[in-house]
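# Breakdown of the fold
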Amino acid sequence: VPRRRVDPQAVFLNLPYDREFESLYLAYIVGLSALRLVPRVTLGIPGGERRLDRIFDLVRSCRYSIHDLSRVELDLHRPFTPRFNMPFELGLAVAWAKLNRASHTWFVCETKSRRALKSLSDLNGTDLQIHGGTAPGVMRELCSAFVRVRRQPSVPEMMEVYRALKRGLPEIQARAGAASLFEPRVFAEVSFAAATLCRRLLG
Amino acid sequence: MAQPIKLLSPGLSLEQTAKFLGVPPARARELEALVDDSLNGGSTMSQRVAPRNKATKHVSKGISKRSRAKKAR
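Read on for a plain summary of the structure. Nothing here was measured: the structure is a model prediction, and the numbers come from that model.

Moving on, we get to the interface of chain B and chain A. Residue-level contacts link 31 residues of chain B with 39 residues of chain A. Summed over both partners, the interface of chain B with chain A buries about 3200 Å², with 66% contributed by carbon and sulfur atoms. Interface area lost by chain B to chain A is led by B:I5, B:L7 and B:F20, which between them contribute 22%. Across the contact surface, chain B and chain A share five salt bridges.

What follows covers the pairing of strand β3 (residues 62-68) of chain A. Residues and elements named next belong to chain A. Burial analysis of β3 places seven of its seven residues in the buried class, which makes it a mostly covered element. Sheet topology note: the strand β1 (residues 7-14)/β3 ladder contains five bridges and is parallel. Bridging across to β3, F12 finds its partner in S65. Where β3 and strand β4 (residues 105-110) come together, five bridges link them in parallel fashion. Paired with H67 across the bridge in β4 is V108.

Taken as a whole, this structure holds 17 salt bridges over all chains when the rule is applied. In this structure, A:D7 engages A:R5 in a salt bridge whose closest nitrogen and oxygen atoms are separated by 2.3 Å. What makes A:D7 buried here is its relative accessible area of 13%. Classification of A:R5 by relative accessible area gives exposed; the value is 60%. Close ionic contact of A:E171 with B:R27 constitutes a salt bridge, the shortest N to O distance being 3.3 Å. Within this pair, whereas A:E171 is found in helix α6 (residues 155-176), its partner B:R27 is found in helix α2 (residues 25-39), the two belonging to separate chains. Just as A:E171 is buried, B:R27 falls in that class too. Taken together, the shared-partner salt bridges in this structure form one network comprising A:E171, A:R175, A:R185, A:E189, B:R27 and B:E30.

Criteria and thresholds
- Residue indices follow the written sequence of each chain, beginning from 1 at its first position.
- Each chain gets a letter, beginning with A, and each ligand a number, beginning with 1, in the order they are written.
- Reporting of local features is limited, given that this is a predicted model, to residues whose pLDDT is at least 70; pairs of side-chain atoms are given and counted only at 80 or more, and all residues count toward the totals for whole chains, interfaces and linings.
- To obtain the side-chain values, all non-hydrogen atoms of the structure were used and water was disregarded.
- In what follows, residue pairs with any heavy atoms lying within 4.5 Å of each other are defined as contacts.
- Put simply, buried area is the surface a 1.4 Å probe can reach on two separate parts but cannot reach once they are joined, added for both.
- Salt bridges are defined as contacts in which a side-chain nitrogen from Lys or Arg sits within 4 Å of a carboxyl oxygen from Asp or Glu.
- Buried means the residue's accessible area, taken with a 1.4 Å probe over protein chains only, is under 20% of the maximum for its type, while exposed means over 50%, and partly exposed covers the values in between.
- The secondary structure listing takes helices from DSSP runs of H or I that are at least 4 residues long and strands from runs of E that are at least 2 residues long, numbered from the N terminus.
- Paired strands, as defined in this entry, are two strands with at least two bridges between them according to DSSP.

Have a look at this one:
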């Protein structure tokens, strides 16, 4: 496998892209921005043969990855299936980290404690980040996974950024003509707005 | 419990972040202005899209007490 430059601030976010997950999606973006990290997602990667290669390239280029396994339920549309993308991409990241211990670190997040150990028992012995399905919970878990040595932001400070970001969302979405937050352009602009808010409010 | 990862780097500048995320410089400046506007309590775009919200609010409220009283009269 050819070597690829690892971005020390980049975090691969492996999340479900659904409306019920929007608030946690924003919480991850804000939390990572407050820690001066930059989120990366698979939005915008087209389907087809090359998709898997590009996802793997993205994982390899990120120093960290966060895998949220909260969506293990069957979906609401026929045929009723669980979603395997998140555990699959976690598997890619784990394998990559095994081969390159110094260049990749992964974390697993879940809403409910013990559920991931049932749905994916291979994770037994791994510390999971249980956020309880709330935005402050996501921020708390990010703060327990990462510590900024110079100035660690607090959860209330991150929540202030989160609320300010939510106020600006209608403009960002309207300008992009986007029906949801899970579009590549919206993701980039929301992430940049979160980074700007963090600089302004947290220094 | 695993030890948290210590982040020593000051992180990317806003310009570098915009470049990294693929946000064009002109749009990055607009977003910075939007953020500043919003923090200063100025006219954010969320207020600019208010007419639609206002209409929804009006419908959901139904007939006001005042107009009901007027009709009764």
